[in-house]
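Structural overview
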Amino acid sequence: MTVYALDGLEVAVAGRRLVEGVSLAIEAGECVALVGGSGSGKTLSCLTPFGLSAGTPSGSARLCGTELVGRSDAEIRPLRARHAGFVFQQPATALTPHLRVAQLLTEAAMQAGAPRPDRNALAAMLDRVDLGAHLLRRYPHQLSGGQRQRVAIAMAVAHGPSLLVADEPTSALDAVLRHEVMALLDRLQRERGMAMLLVSHDLASVAGHADRAVVLREGRMVEAGPAARLIAAPSEDYTARLVAAVPRLDMPPPDLPEVGPCLIEAEHVSVSHRGEGWRPRAVPAVIDASLAIGEGEAVALVGGSGSGKSSLARAIGRIGPMAGGTVRWRGEPLPDRKRMTPVHRRLLQPVFQDPLASLDPHWRVSEIVAEPLKHLRPDLGAWGRAGRVKSVLDEVELPAAFADRKPAELSGGQAQRVAIARALACDPELLLLDEATSALDVLVAGHVLDLLERLQRERDLAILFITHDLAVARRLCHRIAVMEAGRIVEQGETERVVTAPEHPATQRLVAASG
């Protein structure tokens with residue numbers, strides 16, 4: 001039985017056609033993946049027929065035999081509530097923050113007209129996604145990223161839908177959690193006989209989960225067929241580039257630049273965060289961590305969600321708290337973050353995970369890149385700053401015309417290049433890159449890694465690279481330090497760590513990245 005079918009789907013936004021001629025059919029118990037890079041139209045194709053985007057659909061979209069295109073929102077809503085469940089990319093924003101887990105599940109279960117579930121039924125919903133009943137009283141902010149996504153999945157299947165729509169359900173998770181969540185979706189699909197529409201930018205990652213795949217580029221179908229065949233023998237160049245762009249641990253080792261003397265050294269660093277409750281206790285985030293980085297060296301801090309890698313990096317870079325330990329720059333103690341001078345700040349510059357969120361939406365690119373120059377290079381006048389902005393935009397391969405654009409006019413990859421240009425403007429000696437490619441599709445992320453590799457060579461830059469993906473770290477980094485539960489549990493030369501991991505946490509990361 002065909003659960004969901006698209007036939008010649010087109011989507012227009014503000015009169016501009018962004019999706020054209022998309023056709024597919026999903027049978028009960030089958031998984032079909034929509035795959036493509038940023039701007040390929042996969043999310044518009046996925047959500048617009050259900051009234052969940054700003055687009056206007058035409059063509060045909062049939063859910064359980066009922067045509068969706070041409071219906072009003074009021075007509076689509078009960079069809080969507082009865083027959084479809086949705087899992088979105090960012091679980092933190094997909095869950096209503098002021099409702100407890102029990103309330104979220106109750107609302108989801110009752111959307112198709114079912115009676116209110118009791119506590120045992122709610123506990124069973126969590127048990128199906130491998131969560132304990134003790135989480136029923138928690139709010140979304142009290143859950144880890146993996147727990148939030150499992151709750152979102154429990155909500156999506158609570159009313160017994162015929163179709164599960166999963167839009168990038170694992171892109172915000174670390175490698176281990178990605179495998180766990182995809183295995184969970186596979187199990188639920190088999191147990192319930194659901195059809196699943198899986199949206200992803202990573203063709204290689206869906207191969208083991210999707211029966212068939214449809215590759216989109218600029219709103220049009222490029223290639224379609226069995227997912228395993230598309231991976232093994234793609235017939236289109238774009239599909240082949242999507243497959244090749246995914247970093248793998250079995251790729252030849254990269255040729256990395258030589259490493260100079262020690263630049264920065266952290267010893268016995270500890271970080272604590274304020275706990276919850278009426279009399280909160282300090283919660284340790286980093287425990288007795290030591291790390292050194294040489295001139296021109298790239299070191300990766302790798303670990304799962306909540307392992308403490310970002311807390312440690314922010315403490316080293318003096319942009320986050322540090323409860324104990326020392327950090328030395330070329331052998332001299334680095335002041336704590338409240339006493340850092342402009343001279344010190346210029347030496348260490350951060351690049352954050354979400355490129356668009358890290359840029360002021362009201363400023364033009366030229367103002368964004370020039371801002372640190374005003375504070376850290378007061379010797380430069382207006383003309384000097386303008387020349388510096390032009391120079392670093394050229395260095396990150398952005399045309400001069402981009403100086404007048406605002407963040408809303410940039411793609412994800414362009415926004416990350418602007419963030420890198422801002423960090424480079426003051427000529428730092430160390431970049432702190434916090435998941436700098438995880439929010440980007442595989443093609444764009446590959447271009448950004450190529451850019452970072454070139455900048456490292458040309459500028460002799462040291463890099464502290466925070467990531468959850470060992471394969472990405474291997475492309476850029478000389479050494480890897482693995483974190484678990486706030487501690488560095490293993491560190492060493494990159495090739496040794498990925499080929500002969502010693503600690504169980506490292507072994508799990510290698511298995512998840514393989």
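Residues numbered from 1 in each chain as written. Predicted model: local features only at pLDDT ≥ 70, side-chain atom pairs only at ≥ 80, totals over all residues. Heavy atoms only, no water.

Inclusion rule: UniProt positions are given in the numbering used here, feature names are shortened, and annotations may be inferred rather than shown by experiment.
An unreviewed UniProt entry annotates the chain as ABC transporter domain-containing protein originating from Sphingomonas sanxanigenens DSM 19645 = NX02. Looking at the Subcellular location (unreviewed entry) heading of the UniProt record, one finds this comment for the chain: "Cell inner membrane". The UniProt entry for the chain carries this comment under Sequence similarities (unreviewed entry): "Belongs to the ABC transporter superfamily."

1. Points about the packing of helix 4 (residues 101-110) against helix 6 (residues 145-157)
Under the convention used in this document: Between N-to-C directions, angles cover 0 to 180 degrees, with each direction set by a line fitted to C-alpha atoms, over the stretch in contact for helices. A run of H or I in DSSP counts as a helix once it spans at least four residues, and a run of E counts as a strand once it spans at least two, with each numbered from the N terminus. In what follows, roughly perpendicular refers to angles from 65 to 115 degrees, roughly parallel to angles under 35, roughly antiparallel to angles over 145, and oblique to any angle outside these ranges. Less than a right angle of anticlockwise turn of the near helix away from the far helix marks a crossing as left-handed, whereas a clockwise turn marks it as right-handed. Every residue pair with non-hydrogen atoms within 4.5 Å of one another is taken to be in contact.
Packing of helix 4 against helix 6 brings their axes to within 8 Å, and their N-to-C directions diverge by 25 degrees. Viewed along their axes, helix 4 and helix 6 adopt a mutual orientation that is roughly parallel. For the crossing formed where helix 4 meets helix 6, the hand is right-handed. Taking contact as the criterion, the partners of V101, L104, L105 and A108 in helix 4 are, on helix 6, V151, A154 and M155.

2. Re the domain arrangement of the chain
Keep this limit in mind: Segmentation of the chain into domains, including their bounds, is taken from an automatic or database domain assignment. Each of two parts loses accessible area, computed with a 1.4 Å probe, when they are put together; buried area is these two losses added. One side-chain nitrogen of Lys or Arg within 4 Å of one carboxyl oxygen of Asp or Glu is enough to make a salt bridge. Three classes are used, and their members are as follows: Ala, Val, Leu, Ile, Met, Phe, Trp, Tyr, Cys and Pro are nonpolar, Asp, Glu, Lys and Arg are charged, and the others, Gly among them, are polar.
Each domain of the chain was delimited in the assignment, giving domain 1 (2-245) and domain 2 (261-274 + 283-356 + 428-512). A separation of 33 Å is found between the C-alpha centroids of domain 1 and domain 2. At the interface, 16 residues of domain 1 touch 12 residues of domain 2. Across the interface of domain 1 and domain 2, roughly 1,200 Å² is buried in total on both sides, 61% from carbon and sulfur atoms. Here domain 1 and domain 2 share one salt bridge between them. Between D469 and R178 there is a salt bridge, with the nearest N and O atoms lying 3.8 Å from each other. Taken together, the elements giving at least two residues each to the side of domain 1 that touches domain 2 come down to helix 7 (175-192) and helix 10 (237-244). Counting residues per element, the side of domain 1 that touches domain 2 draws most heavily on helix 7, at five residues. The residue makeup of the side of domain 1 that touches domain 2, split by class, is seven nonpolar, five polar and four charged.

3. Brief notes about the pattern of salt bridges
What counts here: The buried label goes to any residue with under 20% of its type's maximum accessible area, the exposed label to any with over 50%, and the partly exposed label to all in between, with areas taken from a 1.4 Å probe on protein chains only.
Overall, the coordinates contain 30 salt bridges when judged by the stated rule. A salt bridge links R417 to E397; the shortest N-O distance between them is 3.3 Å. With R417 in helix 15 (residues 412-424) and E397 in the loop between helix 14 (382-395) and helix 15, the pair connects residues that are 20 residues apart, well separated along the chain. We classify R417 as buried; its relative accessible area is 12%. With a closest N to O distance of 2.4 Å, E484 and R508 form a salt bridge. Highlighted residues: E484 in strand 19 (residues 479-484) and R508 in helix 19 (residues 504-513), separated in sequence by 24 residues. Residue classification places E484 among the partly exposed positions, given a relative accessible area of 30%. A relative accessible area of 42% places R508 in the partly exposed class.

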